Amino acid sequence: MELRTMRYFLAVAREENMTRAAELLHVTQPTLSKQLKSLEDELGKKLFVRHSFRIELTEEGVLLRKRAEDLVSMADKITTEFLSLDDTLGGEIYFGLAESYQIRHLAAIIKSFKSTYPDLRYHITSGATEQVTEKLDKGIVDFAVLAEEPNTDKYHYLVFPEADLWGVVMPDDCPLAEKQSVSVDDLTGLPLFCSEQGWSRDISRWCGNKIDDLHLEGSFRLSYNGSLFVKEGLGYLLTFEHLIDTSPDSGLAFRPLTPRLETKLYLIWKKYQVFTPIAQKMLGELRKRFHE
């Protein structure tokens, strides 16, 4: 199974059209079709369903797409790492980030770092803990940022300077907005939105045995999407402070939970990680700024 074939497969999966994919890859359509047929024969599975004007992935094709994306990303990262070994003014660094207002600290460090290393190129991907740690474990990213305590058997970590405050985003004209803070009893019976990770770890810890009294209406990985549902009057969003615009003209309000609930943010990297020169220098800068 060749890396080039994986790139061919991903192009067809993305374009859903053999002709367009062949044009983008600068190969003939018969060549592309032959490569994909060989891939299906090698795997012993049908990867595509061919319709009149488009191509659709089978279940096996969807599985391969995820694996192929990881393989190609890893191969590209290896290439850029070796190209940057002799680059004293820059190189590539990859981050996988949780959603948090505290990311501003990392952004400030990168801005300062670029003044010394102007050829630095950084890549950001976002996601929940399982998503960013999977990329870290596979070597696709150099550093990950988590909103939960890391596994110290696998990772080194730094703690961000502040913690995120949990609260409720709600319409600013609803009765709950008249309160200074919100208790678990205030939320009982209300349709609630929250990330799956936050609900199972932070909110369940906060409300203890009253978790069964709360109703999770829906879950969102991105708080912004959840806030749109709040604006439509569909429920109330449990999230970190500062992630959603709750200025006077926004139509939304944020109220902290009581008792107060905070979540620390951690920057992690794999134990025994071998960094490129620029990533090693970045780690030194991060250690200066954060608490280890």
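Okay, so let's go over this structure. Every chain is numbered on its own, with residues counted from 1 as its sequence reads. Predicted model: local features are reported for residues with pLDDT of at least 70 only, side-chain atom pairs are reported and counted for 80 or more only, and whole-chain, interface and lining totals are derived from all residues. Just so you know, side-chain values use all the structure's heavy atoms and leave hydrogens and water out.

**As for the overall build of the chain**
Argument step 1. Helix and strand definitions here come from DSSP, where helices need a minimum of 4 consecutive H or I residues and strands a minimum of 2 consecutive E residues; each element is numbered from the N-terminal end. Tallying secondary structure elements over the chain gives 10 helices and 11 strands in all.
Argument step 2. On the principal axes, the C-alpha backbone points of the chain span a range of 65 × 50 × 40 Å.
Argument step 3. We call a residue buried when its accessible area falls under 20% of the maximum for its residue type, exposed when it is over 50%, and partly exposed in between, using a 1.4 Å probe and counting protein chains only. The burial tally for the chain puts 45% of its 292 residues in the buried class.
Argument step 4. Contacts: residue pairs with any heavy atoms within 4.5 Å of one another. Summarising the internal contacts of the chain: among those between residues at least 6 apart in sequence, 73% fall at separations of at least 24.
Argument step 5. Of the roughly 15,800 Å² of accessible surface on the chain, a fraction of 50% belongs to carbon and sulfur atoms. Methods summary: accessible areas were calculated by the Shrake-Rupley approach with a probe of 1.4 Å, and residue burial reflects only the protein chains presented.

**Overview of the packing of helix α1 (residues 3–15) against helix α2 (residues 18–25)**
Think of two packed helices as two axes; the pair is described by the angle between the axes and how far apart they sit.
Argument step 1. Between N-to-C directions, angles span 0 to 180 degrees; the directions come from axes that are lines fitted to C-alpha atoms, helices contributing only their stretch in contact. Two elements in contact, α1 and α2, have axes separated by 8 Å at closest approach and are oriented at 130°. Here α1 is positioned oblique relative to α2, judged by the angle of their axes. Between α1 and α2 the crossing geometry is right-handed. Counted together, Arg7, Tyr8, Ala11, Val12 and Glu15 of α1 and Met18, Arg20, Ala21, Leu24 and Leu25 of α2 form the full contact between these two elements. Angle categories are assigned with fixed cut-offs, so that under 35 degrees is roughly parallel, over 145 is roughly antiparallel, 65 to 115 is roughly perpendicular, and the rest are oblique. Less than a right angle of anticlockwise turn of the near helix away from the far helix marks a crossing as left-handed, whereas a clockwise turn marks it as right-handed.

**Points about the pairing of strand β7 (residues 191–194)**
Argument step 1. Both β7 and strand β8 (residues 215–219) contribute to a ladder of four bridges, which runs parallel. Bridging across to β8, phenylalanine 193 finds its partner in glycine 218.
Argument step 2. Handedness of the crossover is the feature at issue here: the chain leaves β7, passes through helix α8 (residues 196–207), returns alongside β8, and the resulting connection is right-handed.
Argument step 3. Here a strand pair is declared whenever DSSP counts at least two bridges between the two strands. Bridge count between β7 and strand β9 (residues 236–240): two bridges; the pairing is parallel. When the sheet's bridge partners are listed, phenylalanine 193 is paired in β9 with leucine 237. Handedness of a crossover: with both strands directed away from the viewer, a clockwise path from the first strand across the helix to the second marks it as right-handed.

**Considering the packing of aromatic side chains**
Argument step 1. We call Phe, Tyr and Trp rings a pair once their centres come within 6.5 Å, taking the six-membered ring for Trp, and we label the pair stacked below 30 degrees between planes, edge-to-face above 60, and tilted otherwise. Summed over the entire model, instances satisfying the criterion amount to 11 aromatic pairs.
Argument step 2. For the ring pair phenylalanine 9 and phenylalanine 48, a centre distance of 5.5 Å and an interplane angle of 55° mean the geometry is tilted. One end of the pair, phenylalanine 9, is in helix α1; the other, phenylalanine 48, is in strand β1 (residues 48–50), and 39 residues separate them in sequence.
Argument step 3. Seen in terms of ring centroids, phenylalanine 143 and tryptophan 269 are 6.4 Å apart; in terms of plane orientation they differ by 75°. Their pairing is edge-to-face. Taken together, the positions of phenylalanine 143 in strand β5 (residues 143–146) and tryptophan 269 in strand β11 (residues 262–270) put the pair 126 residues apart, joining distant regions of the chain.
Argument step 4. Looking at phenylalanine 143, the relative accessible area reads 0%, which means it is buried.
Argument step 5. Linked through ring pairs, Phe95, Phe143, Trp269 and Phe275 together constitute an aromatic cluster.

**Focus on the pattern of salt bridges**
Argument step 1. Any Lys or Arg side-chain nitrogen located within 4 Å of an Asp or Glu carboxyl oxygen qualifies as a salt bridge. Under the counting rule described, the total for this entry stands at 20 salt bridges.
Argument step 2. For glutamate 130, the salt bridge is made with arginine 221, and the minimal N-O distance between the two is 3.4 Å. Of this pair, glutamate 130 sits in helix α6 (residues 129–137) while arginine 221 sits in the loop between β8 and α9 (223–231), placing them 91 residues apart in sequence.
Argument step 3. On the basis of relative accessible area, glutamate 130 is assigned to the partly exposed category, the value being 44%.
Argument step 4. Arginine 201 serves as the salt-bridge partner of glutamate 148, at 3.2 Å between the closest nitrogen and oxygen. A residue pair is termed long-range when its members are at least 10 positions apart, and glutamate 148 in the loop between β5 and β6 (155–171) and arginine 201 in helix α8 qualify at 53 residues.

**Notes on the state of the cysteines**
Argument step 1. Cysteine sulfur atoms that come within 2.5 Å of each other are treated as a disulfide pair. By the definition in use, this model includes zero disulfides.
Argument step 2. No disulfide involves cysteine 174; its sulfur sits 17 Å from the nearest other cysteine sulfur, which is in cysteine 194.
Argument step 3. Cysteine cysteine 194 shares no disulfide, and the gap to the nearest cysteine sulfur, in cysteine 207, comes to 10 Å.

**Focus on the packing of helix α5 (residues 103–116) against helix α10 (residues 277–289)**
Argument step 1. The N-to-C vectors of α5 and α10 enclose an angle of 125°; their axes lie 11 Å apart at closest approach. Overall, the two elements α5 and α10 adopt an arrangement that is oblique. Here α5 runs over α10; the crossing is right-handed. Each of Leu106, Ile109, Ile110, Ser112 and Phe113 in α5 lies in contact with α10, whose residues at this interface are Ile278, Lys281, Met282, Glu285, Leu286 and Arg289.
Argument step 2. In this classification, Asp, Glu, Lys and Arg are treated as charged, Ala, Val, Leu, Ile, Met, Phe, Trp, Tyr, Cys and Pro as nonpolar, and every other residue, Gly included, as polar. Broken down by class, the residue content of the contact of α5 with α10 amounts to seven nonpolar, one polar and three charged.

**Looking at a nonpolar patch on the surface**
Argument step 1. Side chains of Tyr224, Leu228, Phe229 and Leu234 sit close together on the surface and give an oily, nonpolar patch of about 390 Å² of accessible area.
Argument step 2. Overall, the relative accessible area of 43% leaves leucine 234 in the partly exposed class. Note on patches: the residues involved have over 30% relative accessible area and no salt bridge, like charges join within 9 Å, and the nonpolar side chains Val, Leu, Ile, Met, Phe, Trp and Tyr join within 5 Å.

**Section: α2**
Argument step 1. When α2 is considered as a whole, its buried residues turn out to be Met18, Ala21 and Ala22. Mapping the buried residues of α2 onto a view down its axis gives an arc of 100°, with all of them on the same face. Away from its buried face by more than 90 degrees, α2 exposes Glu23 and Leu24.
Argument step 2. Elements in contact with the buried residues of α2: α1, α3 (29–43), β1 and β2 (55–57).
Argument step 3. Backbone nitrogen of threonine 19 and a side-chain oxygen of the N-cap are separated by 3.0 Å at the start of α2; the cap is asparagine 17.
Argument step 4. Positive backbone phi, approximately 60°, marks histidine 26, located one or two places after α2. The directions from the helix axis to the C-beta atoms are what the arc is built from. Distance and chemistry together define a polar contact, namely a pair of N or O atoms within 3.5 Å, with one atom able to donate a hydrogen and the other to accept it when in protein, and with adjacent residues in sequence counting only for side-chain atoms on both sides.

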